[in-house]
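So you can see what is in the structure, the chains are spelled out below.
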Amino acid sequence: MSVTKKVCLLPGDGIGPEIVAEAVKVLKALQLPLEFETALLGGAAVDATGEPYPEATQTLAREADAVLLGAVGGPKWDTLPRPQRPERGLLAIRKDLNLFANLRPAILYDELAAASTLKPEVVAGLDILIVRELTGDIYFGEPRGIEMRNGERVGFNTMIYSEAEIRRIGRIAFEAARKRRKHLCSVDKMNVLETTQLWRDVMNELAPEYPDVTLTHMLVDNAAMQLVRAPKQFDVIVTGNMFGDILSDEAAMLTGSIGMLPSASLNETGKGLYEPCHGSAPDIAGQGVANPLATILSAAMMLRYSFGWEDPARAIERAVQKVLAQGLRTRDIAAPGDTVVGTAAMGDAVVAAL
Ligand code: NAI
Ligand code: MG
């Protein structure tokens, strides 16, 4: 841990600044060799510069070793034309940094088991990681469009993956599995789609390089069923952009609490953008009641995946668990009888638990 790592902070809009401040508080408490610089993204950037991803932010984000983001958007900017919308800033930075791998853990802390819509015995102890390819697949494939054919409108998209694209996301997933319970389930629809036949072939070709990881395959429709039937059978799931979009939301909601879910988006150099799965929550912005834990857990992912600092990453995760075990809750995850605390008090409690 000798080299100082540069972290670009993009607090964004709504509750973004409040929750990023708590994550920074936790990172600073660990006394790691980290340097922070803050820039504008989303609505805050639009207000200041007219652009959701201004040049100064681009420069800082490209120079930094990792990016920690709050959230962007809000009703104030909803009437702007699309290119100036805050959400465009998010798409632009993902594309600019070539963040092709989206990692979304779904962890159910025992203390929050009541938040899930599934039976406690089905989800208790749940800890799965979805690795979703983020820059390819039918969302980006050409040709695409809606056109007239034989007197009627026809809509079409192209599902396409090159083996290089599959291999690089496959490697991220195998590496992630290696740091966990060493089971990787690749999800495809190879019985119907050639693209995903290639997906399965390439995953099988990679497997001998990771002899310590067990690779299995599952068709996406079955995976959707298994995630609600017996989610604990999974460790790491790797899949394409479209299937991953759907399955990662499904997996996230097994835990029932949007304020708890972190995410990472990585590129080939290991550089990543880390952010909570939730949005800017304009309905509670500025009130000091937002749950900062998803952002604090995103910071832990940053230490693990961008810097390879496993011990401090675990320390943060254990501190979060400890705080929950102490009965501290922000409003969104509180049940009757719990001690409800605000955003800053929750951050302080995590620091104390470190
Ligand atoms: P949202 O995730 O911001 O809020 C949904 C509900 O969850 C709200 O009731 C909110 O109060 C609550 N919530 C979210 N995060 C919370 C937290 N940390 N603690 C406590 N409660 C929390 O989604 P919504 O309302 O659909 O979108 C609001 C704005 O956020 C929109 O402008 C949307 O475009 C943007 N958005 C941005 C995202 C991003 O920056 N990655 C992702 C999703 C939405
Ligand atoms: Mg989605």
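Quick note: structure is the one above.
Residues numbered from 1 in each chain as written. Chains lettered and ligands numbered in written order. Predicted model: local features only at pLDDT ≥ 70, side-chain atom pairs only at ≥ 80, totals over all residues.

Here helix α7 (residues 194-206) is 13 residues long and its end C-alpha atoms lie 19 Å apart, about the 18 Å a rise of 1.5 Å per residue gives. Within α7, burial applies to Thr 195, Thr 196, Trp 199, Val 202 and Met 203. One side of α7 holds all its buried residues, which, seen down the axis, span an arc of 115 degrees. Buried residues along α7 sit against α6 (163-178), β8 (183-188) and β9 (214-219). (Helix = DSSP H or I, 4+ residues; strand = E, 2+ residues; numbered from the N terminus. Expected span 1.5 Å × (residues − 1). Buried ≥ 20, exposed ≤ 12 C-beta atoms within 10 Å, placed from the backbone. Arc of directions from axis to C-beta. Contact = placed C-beta atoms within 7 Å.)

Quick look at the pairing of β8 now. For β8, a buried count of five out of six residues is recorded, marking the element as mostly surrounded by other parts of the structure. Inspection of the sheet shows β8 paired to β9 by six bridges, in the parallel sense. The partner of Asp 188 across the bridge, within β9, is Leu 219. Tracing the backbone out of β8, into α7 and back to the parallel element β9 gives a crossover that is right-handed. (Pairing = 2+ DSSP bridges. Right-handed = clockwise from strand over helix to strand, strands pointing away.)

Glancing now at the packing of helix α1 (residues 16-29) against helix α12 (residues 343-353). Close contact between α1 and α12 brings their axes to 9 Å; oriented N to C, the two are set at 15 degrees. In terms of axis orientation, α1 runs roughly parallel to α12. By crossing handedness, the relation of α1 to α12 is classed as right-handed. On α12, the residues touching Glu 18, Ile 19, Glu 22, Lys 25, Val 26 and Ala 29 of α1 are Thr 343, Ala 344, Met 346, Gly 347, Val 350 and Val 351. A per-class count over the contact of α1 with α12 returns seven nonpolar, two polar and three charged. (Axes fitted to C-alpha atoms, helices over the stretch in contact; angles between N-to-C directions. Parallel < 35°, antiparallel > 145°, perpendicular 65-115°, else oblique. Left-handed = near helix turned anticlockwise from the far one by under 90°. Nonpolar A, V, L, I, M, F, W, Y, C, P; charged D, E, K, R; others polar.)

What follows concerns the site of ligand 1. Lining the immediate environment of ligand 1, one finds 22 residues, of which Ala 71, Gly 73, His 278, Gly 279 and Asn 291 sit closest. Per-class residue counts for the shell around ligand 1 are 11 nonpolar, seven polar and four charged. (Near = placed C-beta within 6 Å.)

The next thing to look at is the sheet that holds strand β2 (residues 34-38). Judged by pairing direction, the sheet is mixed, and its 10 strands sit side by side in the order β2-β1-β3-β12-β11-β4-β5-β10-β8-β9 without closing on themselves. Taken across any chain shown, the strands that pair with only one partner, and hence form the sheet edges, are β2 and β9. The mean angle between the axes of side-by-side strands here comes to 20 degrees, regardless of whether they run parallel or antiparallel. For strand β11 (residues 262-266) and strand β12 (residues 272-276), the ladder comprises five bridges, and the chain directions are antiparallel. Bridge assignment links Ser 265 to a residue of β12, and that residue is Leu 273. Sheet contacts for helix α8 (residues 220-229): β8 and β9; angle to β9, the most-contacted strand, approximately 100 degrees.

By themselves, these are just geometric observations and shouldn't be taken as functional.
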